Amino acid sequence: MVNPPARPPEPILHVDMDAFYAAVEVRRDPALVGRPVLVGGRGGRGVVASASYEARVFGVSSAMPMARALRLCPDAVVVGPDFAAYTAASERIREIFLSYTPLVEPLALDEAFLDIGGSVRLFGPPQEIGARVRAQILDDLGLVASVGIAPNKFLAKLCSGKAKPDGLLHLPADGVTEFLTPLGIRDLWGVGEATSARLERFGIGTVGELAAVPLPTLIRLLGPAAAEALARLARGEDARTVIPWEPAKGMSAEETFDHDIDDVHLLRVELLRLAERLARRLRRGGVAGRTVTLKLRYASFQTVTRSRTLPLPIDESTALHGEAVALLDALRLERVRVRLIGLGVTRLAPTGASRQLALDEDDRWGRLDRAADGARERFGEAAVTRGALLDDAPPRTGNTAPVPEQWRDPG
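Residues numbered from 1 in each chain as written. Predicted model: local features only at pLDDT ≥ 70, side-chain atom pairs only at ≥ 80, totals over all residues. Heavy atoms only, no water.

**Some points on the pattern of salt bridges**
No. 1: Across all of its chains, the model carries 20 salt bridges by this definition.
No. 2: The partner of R92 in a salt bridge is E95, and the shortest N-O contact between them spans 3.1 Å. Here the residue R92 and the residue E95 both occupy positions in helix α4 (residues 83-98), the gap between them amounting to 3 residues, near one helical turn.
No. 3: Among the residues examined, E95 registers a relative accessible area of 48% and is labelled partly exposed. (Salt bridge = Lys/Arg side-chain N within 4 Å of Asp/Glu carboxyl O. Helix = DSSP H or I, 4+ residues; strand = E, 2+ residues; numbered from the N terminus. Buried < 20%, exposed > 50% of the residue type's maximum accessible area, 1.4 Å probe, protein only.)

Below, the structure is given as structure tokens:
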């Protein structure tokens, strides 16, 4: 009897899609191939959600103000984000991951950790699995992924970043020290500008130099928690396991206006738009939520939130909008300038388990929502819309995001 292969010393893969949002847009429109593409809001407060590599050579990066990005790359093509398309692509990519291992931990729409320690008997060594995953994503979706393979999550993510774009980097367990020693300290998780500046003042500029500092000295420089964490990372240690995907505990959507809005009527209309979008995501995910949260950010950048927990979970657009408007009206805004508005739902439960039918229940709005969902799925998002949303709407940058996933596309 042949013994199954032992768990490999490098069982962790980090798969990161390259310029994911931009790549999805290029796949949909071949005319964009080879051109600098920016995905994001077009208005004065718009930001770059994703930049193709043709745009990055000009110094453009994710989270950069769109106005600055266009100064750096005036010939760039700006495309508004289509999160439904990105989510659909992400779900197909996740299916590919799950065909190799059930131990998949998504970090965002475009990246995930995979523990393939138990998969080598079926699919071969980690390097072969990583190559197969990349090839299948390219064949099935026409998208490019970079893969890092290493003994733990920290090292795998570091390797995928070093492999970009369109690469695979395998870090053998016996080569960790050699790999880490020459790297800059900014490559370590948790080392930002302030921490790196403090370390560099004491002559610590590389991971190897950091690893050589006695822990008591490092504690005096950074404090116990940060010192111990960075000392472990400098040695390439990370005890965290891959945690398989769990349903989101909440969902949210928000919009940042190009110009501050002080008209409560326009805010109510925007809440309707957000409620429609958010309720569709709830129904698509087969969940409903009990706690509704309104978020406002004023022109002064002060942020306020108001929440209400309902007796029963909801997933209907009209009901969600009604709760949101009640929270908004309770603030009694009088010409207060608002730059951002958001709507969230938490305390989620499966839709079937959340229903408590009453004899006099009126399900007309629910039936209408389900019919509209079917029409949009068959004929596109513009097939059905509310009359109130056909009027002139406040200009928006288009920032919408589910929780806890992060829409920003750093790849």
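**A word on the confidence of the model for the chain**
For residues with low pLDDT, the predicted coordinates do not support detailed interpretation.
No. 1: With 83% of its residues at a pLDDT of at least 70, the chain reaches an overall mean of 86.
No. 2: Ignoring residues within four places in sequence, the model shows residues 353-362, a span with pLDDT below 50, making 6 contacts including any to other chains.
No. 3: The low-confidence segment residues 397-410, where pLDDT is below 50, has 55 contacts with residues more than four positions distant or belonging to other chains. (pLDDT = per-residue confidence, 0-100. Contact = heavy atoms within 4.5 Å.)

**As for unusual backbone geometry**
No. 1: Residue K164 is joined to P165 through a cis peptide bond whose omega torsion reads -10°.
No. 2: Structurally, P165 can be placed in the loop between α7 (153-163) and β8 (168-170).
No. 3: The phi dihedral of R335 falls on the positive side, at around 55°, and the residue is not glycine.
No. 4: Inspection of the secondary structure assignment puts R335 in the loop between α14 (317-330) and β12 (338-350).
No. 5: Look at R335 and you get exposed, because its relative accessible area is 60%.

**A short note on the nonpolar core**
No. 1: Counting 38 residues, the largest nonpolar core has F20, Y86, F97, I137 and L143 as its most contacted members.
No. 2: Take this core: its biggest share by element is 7 residues, from α4.
No. 3: Dropping the residues within four chain positions of it, I137 is found in contact with V15, M17, I93, I96, F97, G142, L143 and A145. (Core = buried A, V, L, I, M, F, W, Y, C linked by side-chain atoms within 4.5 Å.)

**Here we look at the sheet that holds strand β4 (residues 77-79)**
No. 1: In spatial order, the strands read β3-β2-β4; together these 3 strands make up an open sheet with mixed pairing. Edge positions in the open sheet fall to β3 (48-51) and β4, since each of these has one partner strand only. Across the sheet, the axes of successive neighbouring strands diverge by a mean angle of 25°, strand direction being ignored.
No. 2: Bridging between strand β2 (residues 37-40) and β3 involves 3 bridges; their strand directions are antiparallel. Bridge pairing in β3 places L38 opposite A51. (Pairing = 2+ DSSP bridges. Axes fitted to C-alpha atoms, helices over the stretch in contact; angles between N-to-C directions.)

**Section: a nonpolar patch on the surface**
No. 1: Where nonpolar side chains cluster on the molecular surface, the patch consists of V57, F58 and L72 and spans about 290 Å² of accessible area.
No. 2: Tracing the sequence through the fold places V57 in the loop between α2 (53-56) and α3 (66-72). (Patch = residues over 30% accessible without salt bridge, like charges linked within 9 Å, V, L, I, M, F, W, Y side chains within 5 Å. Areas by Shrake-Rupley, 256 points an atom, 1.4 Å probe, with all protein chains shown as cover.)

**Things to note about the environment of L155**
No. 1: Here L155 lies in helix α7.
No. 2: With a relative accessible area of 0%, L155 lands in the buried category.
No. 3: Expressed as a C-alpha distance, the spacing of L155 and H170, which sit 15 residues apart in the sequence, is 9.8 Å.

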